[in-house]
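For reference, the chains in residue letters:
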Amino acid sequence: MATVETGPGRHPEWYAHATGDKFGKIADAPIGFGHMKRKEDARFIRGLGDYMDDVRLPGMLHGAILRSPYAHARINSIDTSAALAHPKVAAVIIAKDLETLGLAWMPTISYDTQAVLAGDKVRFHLQEVAFVIATDAYAAQDALQLIDVDYDVLPAIVNCRKALDPDAPLIRDDKVGQTDNLASPLWEAGDKANCDRVFAEADVVAKRTILDPRSHPCPMETCGMVADMNPATGQLNIYNGNQAPHAHRTVYAQVAGLPEQNIRILCNDIGGGFGNKVPVYPGYVCAIAGSIVAGAPVKWIEDRSENLASTGFARDYLMYSEMCSKGGKITGLRVDTIADHGAFDSTAQATKFPAGFFHIVTGSYDLQGAHCQVKAVYTNKAPGGVAYRCSFRITEAVYLVERMVDALAMEMNVDPVELRMRSFIRSDQFPYETQTGWVYDSGDYHKAMKLAMEIADYEGLRKEQQEKLARGEMMGIGIAFFTEGVGAGPRRHMDILGLAMNDGAELRVHPSGKAVVSLSAQTQGQGHETTFAQIVAEELGISPNEIMVRHGDTDKTPYGLGTYGSRSTPVSGGAVAVVSRKVRDKARQFAALMLETRAEDLAWEKGRWYVKGDPERGSTIESIAEYAYSASNLPEGLEGGLDANAVYDPPNLTYPFGAYIAVVDVDPGTGKVHMRRFIAVDDCGVRINPMVVEGQIHGGLVEGIGQALMEIISFDEQGNCLNASFMDYLLPTALECPEHGFELGETVTPCPHHPIGAKGVGESPCVGSPPAIANAVVDAMYHAKGVKHMDMPCFPARVWAAMNGREQPPQ
Amino acid sequence: MLVSISINGQVYSHDVEPRLLLVHFIREYAELHGTHWGCDTSNCGICIVLMDDPQSDQPPYPVKSCTMLAAMAQGYEITTVEGMAKPDGTLDPIQMGFHEMHALQCGFCTPGMMSTGRWLIERHPNPTQMTDHEIRDGISGNLCRCTGYDNIIKAIRWAAAYIEEHPESARTAR
Ligand code: FES
Ligand code: FES
């Protein structure tokens, strides 16, 4: 067999790629930024990745979860005796067992509580009820069938509008003092009086009720864990692919009352996250409790249905929106939102922001007034509210504002690009403070919009649309211009459960001049092993091939809050640049000794310090590294060794932006939307590795196509989840994407406050594309049939209903 | 029941439950973890491996290993991602293409995707002339949540071109 002799096993140490192609050495690697193939590919293309389900420990047992068949029901009794009698079953855990461990309920990121296993009531369809541990995975599933639960079914609420009705059944009767289904107090941003004044003075007002429907991030690898509590030492090793390993460790320490120094989280390779792997799920706590109870490692891997039906969903924002104009320019926006959080408020965002960054809703426009308010309700649906490839509700905000600009353009009878061009924040207005308090760092919106129109041949498209219309064909052109605030965030006002949203980095340059850089960020496919090596390379002049990027092991990496909200480059990337510069400064001290001169007299060029005015006299970083570890006569105050630590506290978010144009054809007979072209101009500041950036954009665009055209988690009146498999929850395949590929363009407006001028890009495409596509579909229907709005997803039955004035199929 | 399956040229014989799925045989019994799974309903193609029917002269074809019982694979030759490269370690052109064209991000769908890509090239009379639609249609049984597919299509083209230029790299005689 042709594979490498030693597989990765489950040891993160294997990530240390030795030299040699099969370990990820890239032949033409740039010393710094630029196109570079990925180092991590070497193991993945050989089938040697090391994902959750690949973890195997001696004596490992397998867990499975019994889930509720009802959305809302009282539990009278749970009989586990038959399951326990199964010869392969080691233990069955139910709520009252967890109570003795103090683990029946767990805190959520949003200061709510969530049942780990339902004891009193089940509150959503497929909620966790019991946890079976058996010697093999098939037997664990068998044993689930042997558990007998007696339920009294209660009426369920799945419609957020009805959740606050006075006669609505109370979902959270577990919470002392809770008398209604309000999940958190009304939250608002912007000056309401000023906004009302702007509306009173407006020429034109557009109103829409817009639903950003419940969708799901759906990483191709589901969630899971292997918990390994060592009964002899009290050491708990947790193998779990998650996006924020350090924060998880702290949470487990708090939840389980375990000493934090005894908890080690090992994230090996992760098969995608997209926000779904940010929260702590009941299954994780069950696996940990199971390992404590059984005294053996316990593996729990959810199946796809469990992933779709119970783990972090996204969106579910119902937005009553108004936008107004005066003198042909957009002047105001107000929006009243109901946020459906499901049965527990486990929405994942910076804790002081209960609606995330939704108040970035003024978008890319220079408005006179804006106000938004968000009311959060409980329903009998799965908990979540994670940022599906999005920085904390910015996708909802951008969807809303970009739909509303199109709606307003429709009412004003102007071209939607024209209205945007008139209303954009101008490049000379940056830094720009918005009506809701954000300070945008930099941008040139007009330039990006013009470039997108040029690539698309916008005039030509509008002409083609008219010609087609005359022939009875339906074609739509949709615009979206987004500004995203990413890289949360400044510790003075952003935290998660009190933990400042900073990231650490540690850099060690070894005596041979090779380096190891350790991150608190956690890749789920973004290519950190390559791009973070490139940052060090850019700063120190060491080849990325000679820099090992370490992540995914809390014992071996510095503290930080992880990867989501496009944080990696803006925050962790900042930390890596800063730590590299610290090492460079330290290298300068050594170079001064080596060159027998003063440090101030040295100048840096990539890879070496040299004497100013005498560039021949210099020391390479490699020779400095050797010296740092071997010199025997260091002066007082200068420590040997060449390494450093840094914690990066971003002074502000970064604000990437982009101009997107979608071109669709709609079948007038069936309502099927054909995604013909997609033009994406992105400005994410400085690009570390353009290949990786473009890969991120492609991926995000397809997730946007999914949300706009296909993806929705829907429920029937009884609260049954109707989309708990890939049969019913549709992800785009290659066929749903533009046949000849995406058309990308770029402008570069460096971030003024980021050490390397980068802004982050992972989520931009997924934020900008849903409104572009929805606008295109509505554009097609408006020109052909006068239809002014439809909610996503625009799949054939719904589009057909919208264009024929029929009621939408239920959701 | 005793099941014997040839995987990557090696025969694995195990006494298994009749209901055991092929994907679990590959992962748990043959201990080849390169083949992953991603759904419960035969939709994602993450679990795809290549299956060769010794009775047929067709090239090995992709099957969803989650949708077959292990017992049904008895007598067939299975190739998983671990068996794609040549015995001397030379990568298969499809593996090179995926790396060259950045056709993978998290890597989870990659083994299945490469298997389907390999088959598309092998079964096509003129693989470098495949249309975009042919390739998209060919991989439409494989979901990828990361890459957006464009680069996967480029990678398959890259491999087809490489095989044309380096006929010795083709795995099957044609
Ligand atoms: S695991 Fe999804 S098709 Fe086989
Ligand atoms: S690379 Fe992640 S699912 Fe395809």
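Residues numbered from 1 in each chain as written. Chains lettered and ligands numbered in written order. Predicted model: local features only at pLDDT ≥ 70, side-chain atom pairs only at ≥ 80, totals over all residues. Heavy atoms only, no water.

### Description of the domain arrangement of chain A
Residue and element names in this part refer to chain A.
In step 1: Taken domain by domain, chain A consists of domain 1 (52-154 + 222-269 + 277-310), domain 2 (313-488 + 652-803) and domain 3 (503-648).
In step 2: One C-alpha centre belongs to domain 1, the other to domain 3; they are set 41 Å apart.
In step 3: The interface is formed by 16 residues belonging to domain 1 together with 16 residues belonging to domain 3.
In step 4: Taken together, the two surfaces of domain 1 and domain 3 that pack against each other cover about 1,300 Å², and 49% of this comes from carbon and sulfur.
In step 5: When the buried surface of domain 1 facing domain 3 is broken down by residue, Gln243, His246 and Arg264 rank first, second and third, together holding 48% of it.
In step 6: The interface formed by domain 1 and domain 3 contains 2 salt bridges.
In step 7: With its nearest N and O atoms 3.6 Å apart, the salt bridge here joins Asp555 to Arg264.
In step 8: Linking domain 1 to domain 3 there are 9 residue pairs in polar contact (both at pLDDT 80 or more). (Domains from an automatic or database assignment. Contact = heavy atoms within 4.5 Å. Buried area = accessible area lost by both parts, 1.4 Å probe. Salt bridge = Lys/Arg side-chain N within 4 Å of Asp/Glu carboxyl O. Polar contact = N/O pair within 3.5 Å; in protein donor to acceptor, adjacent residues only side chain to side chain.)

### Considerations on the sheet that holds strand E5 (residues 77-79) of chain B
All names here are of chain B.
In step 1: Across the sheet, 5 strands lie side by side as E2-E1-E5-E3-E4; this open sheet has mixed pairing. Among the strands making up the open sheet, the edge pair consists of strand E2 (10-15) and strand E4 (61-64). Averaged over all neighbouring strand pairs, the angle between strand axes comes to 40 degrees, with direction disregarded.
In step 2: With 6 bridges joining them, strand E1 (residues 2-7) and E2 adopt antiparallel strand pairing. Its bridge partner being in E2, Val3 is matched across the sheet by His14.
In step 3: Sitting on the sheet, helix H1 (residues 22-29) touches E1, E2, strand E3 (48-52) and E5, and the angle it makes with E1 is about 80 degrees. (Pairing = 2+ DSSP bridges. Helix = DSSP H or I, 4+ residues; strand = E, 2+ residues; numbered from the N terminus. Axes fitted to C-alpha atoms, helices over the stretch in contact; angles between N-to-C directions.)

### Details of the side chain of Glu763(A)
Residue and element names in this part refer to chain A.
In step 1: By the secondary structure assignment, Glu763 is in the loop between strand E32 (743-746) and helix H17 (764-785).
In step 2: A polar contact of 3.3 Å, which involves the side chain of Glu763, links it to the backbone nitrogen of Cys390.
In step 3: In contact with Glu763, not counting residues within four places along its chain, are Arg389, Cys390, Ser391, Glu484, Tyr564, Gly565 and Ser566.

### Overview of the interface of chain B and chain A
In step 1: With 53 residues of chain B in contact, the opposing surface of chain A contributes 61 residues.
In step 2: Summed over both partners, the interface of chain B with chain A comes to about 4,900 Å²; 56% of that surface belongs to carbon and sulfur atoms.
In step 3: Broken down residue by residue, the surface that chain B buries against chain A is led by His99(B), Arg136(B) and Arg145(B), which jointly contribute 17%.
In step 4: Taken together, the connections running from chain B to chain A amount to 7 salt bridges.

### Regarding the pairing of strand E20 (residues 474-483) of chain A
In step 1: Taken across its 10 residues, E20(A) has 10 buried, putting it largely inside the fold.
In step 2: The alternating pattern of E20(A) places Met474(A), Gly476(A), Gly478(A), Ala480(A) and Phe482(A) and Met475(A), Ile477(A), Ile479(A), Phe481(A) and Thr483(A) on opposite faces, both of which are buried. (Buried < 20%, exposed > 50% of the residue type's maximum accessible area, 1.4 Å probe, protein only.)

### Structural notes on the pattern of salt bridges
In step 1: Taken as a whole, this structure holds 69 salt bridges over all chains when the rule is applied.
In step 2: In this structure, Lys37(A) engages Glu100(B) in a salt bridge whose closest nitrogen and oxygen atoms are separated by 3.1 Å. Of the two residues, Lys37(A) is situated in the segment before helix H1 (41-44) and Glu100(B) in helix H2 (residues 93-100); the pairing between them involves two chains.
In step 3: Between Asp54(A) and Arg27(B) there is a salt bridge whose closest N-O contact spans 2.7 Å. Here Asp54(A) is found in the loop between H1 and strand E1 (61-67), whereas its partner Arg27(B) is found in helix H1 on a different chain. Comparing Asp54(A) with Arg27(B) shows no difference in burial state: the two are buried.
In step 4: Bridged by salt links that share partners, the residues Arg74(A), Asp112(A), Asp120(A), Lys121(A), Arg123(A), Arg172(A), Asp173(A), Asp174(A) and Lys175(A) form one connected network.

### A closer look at the domain arrangement of chain B
Residue and element names in this part refer to chain B.
In step 1: Examined at the domain level, chain B breaks down into domain 1 (2-83) and domain 2 (93-168).
In step 2: Summarising the inter-unit geometry, the C-alpha centres of domain 1 and domain 2 are found 21 Å apart.
In step 3: In this assembly, 16 residues from domain 1 lie in contact with 16 residues from domain 2.
In step 4: Interface of domain 1 and domain 2: buried area, both sides summed, is about 1,200 Å²; carbon and sulfur atoms make up 64% of it.
In step 5: Where domain 1 packs against domain 2, one counts 0 salt bridges.
In step 6: Joining domain 1 to domain 2, the criterion identifies 4 residue pairs in polar contact (both at pLDDT 80 or more).
In step 7: Contributions of two or more residues to the side of domain 1 that touches domain 2 are made by E3 and E4.
In step 8: Of the residues in the side of domain 1 that touches domain 2, the class split is 11 nonpolar, 4 polar and 1 charged. (Nonpolar A, V, L, I, M, F, W, Y, C, P; charged D, E, K, R; others polar.)

### Points about the sheet that holds strand E28 (residues 614-620) of chain A
Residues and elements named next belong to chain A.
In step 1: Pairing is antiparallel across the open sheet formed by 3 strands, whose spatial order is E26-E27-E28. One side of each edge strand has no neighbouring strand; the edge strands of this open sheet are strand E26 (602-605) and E28. Here the strands of the sheet are splayed against their neighbours by 35 degrees on average, with no regard to which way each runs.
In step 2: Pairing of strand E27 (residues 608-611) with E28, which is carried by 4 bridges, proceeds in the antiparallel orientation. Each residue of the ladder has a partner; that of Tyr610, found in E28, is Gly618.
In step 3: Contacts from helix H14 (residues 568-595) reach E26, E27 and E28 within the one sheet, and its direction differs from that of E27 by about 45 degrees.

### With respect to the side chain of His125(A)
Residue and element names in this part refer to chain A.
In step 1: Looking at where His125 falls in the secondary structure, it is placed in the loop between strand E6 (121-122) and strand E7 (128-134).
In step 2: We classify His125 as buried; its relative accessible area is 13%.
In step 3: Once residues within four sequence positions are removed from consideration, His125 is found in contact with Ser68, Pro69, Tyr70, Ala71, Ala309, Gly719, Asn720 and Cys721.

### Description of the pairing of strand E23 (residues 503-509) of chain A
Residues and elements named next belong to chain A.
In step 1: With 6 of 7 residues buried, E23 is to be regarded as a mostly interior element.
In step 2: Note: E23 against strand E29 (residues 642-648), 7 bridges, orientation antiparallel. Pairing of Leu507 across the sheet is with Ala644, part of E29.
In step 3: For E23 and strand E24 (residues 515-519), the ladder comprises 5 bridges, and the chain directions are antiparallel. Within the sheet, the bridge partner assigned to Arg508 lies in E24 and is Val516.
In step 4: Linking E23 back to E24 in an antiparallel pair, the connection comprises 5 residues, with Gly513 at a positive phi of about 85 degrees.

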